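One-letter residues, chain by chain:
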Amino acid sequence: MPHPLTAKYDWILAITSMAFVFSAASNGANDVANAYATSVAARTLKMWHVGILAAITEFVGAVALGNRVTDTIKSGIITPDRFIGNPGTYMLAMGCAEVGSAAWLTTATFLGWPVSTTQSIIGALVGVGFATQADITWEWTSGSVSQTAASWGVAPGIACGFSAIIFGTLKYAVLEREDPFKWGLRLIPWYIALTGGILALFITIEAPTAPSLEEFGAGKAVGIILGCFFGCLFVGYVFFMPYFHRRLVRRDARVRFYHIPLGPLLWTENPPLYFPREGEWAITNHYEDAYGEVRAGGQQTITAAVAGSVLPPADGKEARDTDIERQPDSLASSPEIAPKKRIIEPEERFLDPVRDLSWGNPRKWLGYIKYAFLQGVTRDVITHDSQLLRDIHARARRYDDRVEHMWTYCQVVSAMMMSIAHGSNDVANAVGPWAGSYHTFNSGSVETEASTPVWFLVIAGLLLGGGFWFYGYHIMRALGNKITQMSPTRGFATELGAATTVLLASRLGLPVSTTQCLTGAAIGVALMNYDLAAVNWRQIAFIFSGWVLTLPCAGLIAGLLCVMALNAPHF
């Protein structure tokens, strides 16, 4: 039951609740895309794969690891003294902050701007701080406005360095050695173990429900790292090595990823394969776009055949170049007789076949329902018809697709961990103002720290995944291959470098954003081509402008709404 003092402000709670829906959904559409963009760009996952994975990982992060106590005035940006004894004003301020953040996040997402959801709510709170004449924390303290602005350079810079180091070790230990496939088979279990150890520590320490590192204890932290490291190393040797040998060395066309649990049985001559794959042996060409073209390495065009890879012969003889576009008698060597594949977008797939049918025909309703629910995960987010991007991609080195295939598993795991971490941490950005307004409405007093009911987190977790499902493709297009040519090894280094940066920075008290870390990490990987032209600096400038505009735009929307509401004539 609402408190008598605040019962008349039910309209504020209603508006805040509606804004929360858009805030949480746009949070998911914007930030979830960051975690999975490199996986889709590298053709490791498809959009509908990511849609399902994101719904699961964001929900798990929000509900299982999300903070049960939400700081409703984010990081002390504005002081609560101004609202003591004025619960109605506080509810209005939180409502306007939620509306301002939601409006900016939704706008930025549709414009393709990957922005920080944390900084969006901070900007909105600064705006309502001006409107209500509350004190704003400008000085250099934890979570202040000045530290937020500093993160625009700090976060990408650190992530750039980490990802460059990670990809550099992979590049010289595996990718550019004389026999990269052999070295890939030797080292992939150790990279799986390294990924598991770092990301387990990342989740353990970064989860809002976890104690601080000091409270947790260095011994336990080291134990978690070593335990996960050797556990993943065991899994790598016992389960992944037999799978890679049968899939990539023996080229067994029947084997799929779901046969990994068979482990040692895959070493046998005729393993008991359940649901074997039919057809010829092939692996994904991780460098081609939706037209079947490859630009990496200065190549001009390719038509996918046997994965379009640089592969040695199956008989184990000396490797020779079988890259299809280098075969003089190949169809792909004559672009004029190898037209581009047509890209079928959702409108053509779902709507065009039923446009001429009457609304009384169930097929028309089914077509429009399919379009409504599937258009967000059936769009091409890889192909960009731009000569600038073609030139940028041509400057990236192309590596053996068998080696790239091995690193897809590390890449997917790291993307999932980043998504879980996002769900656990950033769910508070949308829930905070809503929870504060809700608890103030019920108690009649200002709540600067509100206990968050589980059903709040359940709703937020569903909205995070749902936002990505319906309109996260805008951000997927802006990242990944639009910054540089991506591949599984590059995506792995990008995601692990970003996760390492967030983990280290949080321990040092530095302000960072996962959005900014992932962008900086992508730049670091691109620079390992040792060619500045391998980075799309125009896209980087576009993304950076979104970061800079986040604080003033979210603040302006929230502040103007709050000023107008406070000064509106009333009876």
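This structure is a prediction, so every number in the text was calculated from the model and none was measured.

So, about the overall build of the protein. Scanning the protein from N- to C-terminus turns up 17 helices and 2 strands. Each of the 571 residues in the protein was classed as buried or not, and the buried ones make up 55%. Restricting the contact set of the protein to residue pairs at least 6 apart, pairs at least 24 apart contribute 79%. With the model as given, the accessible surface of the protein reaches about 23,800 Å², and the carbon-plus-sulfur share is 65%.

A separate point is the nonpolar core. In a soluble, globular protein the nonpolar side chains are often hidden away together inside. Counting residues in hydrophobic clusters, the biggest one holds 137 residues, and the most contacted among them are Tyr36, Val128, Phe244, Met406, Trp407 and Met476. Top contributing element to this core by residue count: helix H12 (residues 401-443), with 15 residues. In this structure, this core is formed jointly by two domains, domain 1 (7-155 + 393-562) and domain 2 (176-269), each of which donates at least three residues. Other than its neighbours up to four places away in sequence, Val128 contacts Ile78, Ala93, Cys96, Ala97, Ala558, Gly559 and Cys562.

On to empty space enclosed by the protein, then. Across all of its chains, the model carries 5 cavities of 30 Å³ or more by this definition. Lining the largest cavity are 20 residues, and of these Asp289, Arg295, His384, Arg390 and His393 lie nearest its centre. Broken down by element, the residue count for the lining of the largest cavity peaks at 3 residues, all from helix H11 (residues 387-394). Size it by volume and the second largest cavity reaches roughly 60 Å³. Forming the boundary of the second largest cavity are Asn34, Ala37, Thr38, Leu479, Gly480, Ile483, Met486, Thr494, Leu518, Thr519 and Ala522. Only helix H1 (10-41) and helix H16 (514-527) provide two or more residues apiece to the lining of the second largest cavity.

By the definition in use, this model includes 25 aromatic pairs. Ring plane angle 65° and centroid distance 5.2 Å describe the contact between Trp359 and Trp365, whose orientation is recorded as edge-to-face. Arranged with centres 5.9 Å apart and planes meeting at 85°, the rings of Trp434 and Trp455 form a pair that is edge-to-face. Pair noted here: Trp434 is in helix H12 and Trp455 is in helix H13 (residues 454-471), with a separation of 21 residues, a long-range link. These aromatic residues form a ring-pair network of at least three members: Phe20, Trp434, Tyr438, Trp455 and Phe456. Here Arg251 stacks its cationic end above the ring of Trp281, 5.0 Å away from the centre of that ring. Lying over the aromatic face of Phe181, Arg402 brings its terminal NZ or CZ to 4.0 Å of the ring centre.

Let us now look at the pattern of salt bridges. The tally for this structure, following the rule as stated, stands at 11 salt bridges. The salt bridge partner of Arg250 is Glu269, with a shortest N-O separation of 3.2 Å. Taken together, the positions of Arg250 in the loop between helix H8 (218-249) and helix H9 (346-351) and Glu269 in the loop between H8 and H9 put the pair 19 residues apart, joining distant regions of the chain. Given a relative accessible area of 62%, Glu269 falls into the exposed group. Measuring nitrogen to oxygen at the nearest pair gives 2.9 Å for the salt bridge that ties Asp252 to Arg254. Accessibility expressed as a relative area gives 30% for Arg254, which makes it partly exposed. A single salt-bridge network, built from bridges that share partners, covers Lys171, Glu176 and Arg397.

If you trace the backbone, Thr132 turns up in helix H4 (residues 117-132). Here the side chain of Thr132 touches Val128 through a polar contact of 2.7 Å, landing on its backbone oxygen. Residue contacts for Thr132: discarding those within four places in its chain leaves Arg82, Phe83, Thr89, Ala93, Cys562 and Leu566.

Taken N-terminus to C-terminus, the directions of H12 and H13 make an angle of 125°; their axes are 10 Å apart at the nearest point. Here H12 lies oblique to H13, going by the angle between them. The handedness of the crossing between H12 and H13 is right-handed. For the pair H12 and H13, contact is made by His422, Gly423, Val427, Val431, Trp434, Ala435 and Tyr438 and by Trp455, Phe456, Leu457, Ile459, Ala460 and Leu464, respectively. By residue class, the composition of the contact of H12 with H13 is 11 nonpolar, 2 polar and no charged.

All right, on to the environment of Trp104 then. Mapped onto the secondary structure, Trp104 falls in helix H3 (residues 87-110). Linking Trp104 and Gly555, residues 451 residues apart in sequence, is a C-alpha distance of 9.2 Å. In this structure, Trp104 is in contact with Trp113, Val115, Ser120, Gly546, Leu549, Thr550, Cys553, Ala554 and Ile557, ignoring residues within four places of it in sequence.

Further remarks concern the UniProt feature "transmembrane region" (unreviewed entry) in the protein. Mapped onto the present numbering, the UniProt feature "transmembrane region" (unreviewed entry) falls at residues 47-69, 90-113, 149-175, 187-205, 221-244, 454-473 and 540-566. With 100% helix and 0% strand, the stretch residues 149-175 has end C-alpha atoms that lie 38 Å from each other.

A word on the side chain of Gln411. Locating Gln411 in the fold gives a position in helix H12. Given a relative accessible area of 0%, Gln411 falls into the buried group. A distance of 2.6 Å separates polar atoms of two side chains, one belonging to Gln411 and the other to Thr44. Setting aside chain neighbours within four positions, we find Gln411 in contact with Thr38, Ser39, Ala42, Thr44, Ser487, Pro488, Gly491, Phe492 and Glu495.

A few words now on H12. Given a rise of 1.5 Å per residue, 43 residues ought to cover 63 Å, and the 60 Å separating the end C-alpha atoms of H12 matches this to within 8%. Remark: the principal bend of H12, roughly 45°, maps to Val431, with a proline, Pro433, within the next four residues. Extensive coverage of H12 is indicated by the burial of 36 of its 43 residues. Directly after H12, the chain includes Gly444, whose backbone phi takes a positive value near 80°.

Another aspect to go through is the state of the cysteines. Think of a disulfide as a covalent bridge from one cysteine sulfur atom to another cysteine sulfur atom. For the structure shown, the criterion picks out 0 disulfides. Counting only cysteine sulfurs, Cys562 is the nearest neighbor of Cys96, a cysteine outside any disulfide, at a range of 4.3 Å. Judged by relative accessible area, which is 6%, Cys96 ranks as buried. Here Cys232 stays free of any disulfide, with the sulfur of Cys228 as its closest cysteine sulfur at 6.1 Å.

As a further point, take H4. Spanning 16 residues, H4 covers 23 Å between terminal C-alpha atoms, matching the ideal 22 Å at 1.5 Å per step. Among the 16 residues that make up H4, 14 are buried, leaving the element largely enclosed by the rest of the structure. Directly after H4, the chain includes Gln133, whose backbone phi takes a positive value near 60°.

Definitions and limits used
- Residues numbered from 1 in each chain as written.
- Predicted model: local features only at pLDDT ≥ 70, side-chain atom pairs only at ≥ 80, totals over all residues.
- Heavy atoms only, no water.
- Helix = DSSP H or I, 4+ residues; strand = E, 2+ residues; numbered from the N terminus.
- Buried < 20%, exposed > 50% of the residue type's maximum accessible area, 1.4 Å probe, protein only.
- Contact = heavy atoms within 4.5 Å.
- Areas by Shrake-Rupley, 256 points an atom, 1.4 Å probe, with all protein chains shown as cover.
- Core = buried A, V, L, I, M, F, W, Y, C linked by side-chain atoms within 4.5 Å.
- Domains from an automatic or database assignment.
- 1 Å grid on protein atoms, 1.4 Å probe; cavity = no way out; pocket = protein on both sides within 12 Å on 5 of 7 lines; lining within 4 Å.
- Points joined across faces, edges and corners; volume = space filled by probe spheres on them.
- Phe/Tyr/Trp six-rings, centres within 6.5 Å; stacked < 30°, edge-to-face > 60°.
- Lys NZ or Arg CZ within 6 Å of the ring centre and 35° of its normal.
- Salt bridge = Lys/Arg side-chain N within 4 Å of Asp/Glu carboxyl O.
- Polar contact = N/O pair within 3.5 Å; in protein donor to acceptor, adjacent residues only side chain to side chain.
- Axes fitted to C-alpha atoms, helices over the stretch in contact; angles between N-to-C directions.
- Parallel < 35°, antiparallel > 145°, perpendicular 65-115°, else oblique.
- Left-handed = near helix turned anticlockwise from the far one by under 90°.
- Nonpolar A, V, L, I, M, F, W, Y, C, P; charged D, E, K, R; others polar.
- UniProt positions renumbered as here; feature names shortened; annotations may be inferred.
- Expected span 1.5 Å × (residues − 1).
- Bend = angle between axes of the 7 residues up to and from the residue.
- Disulfide = S-S within 2.5 Å.

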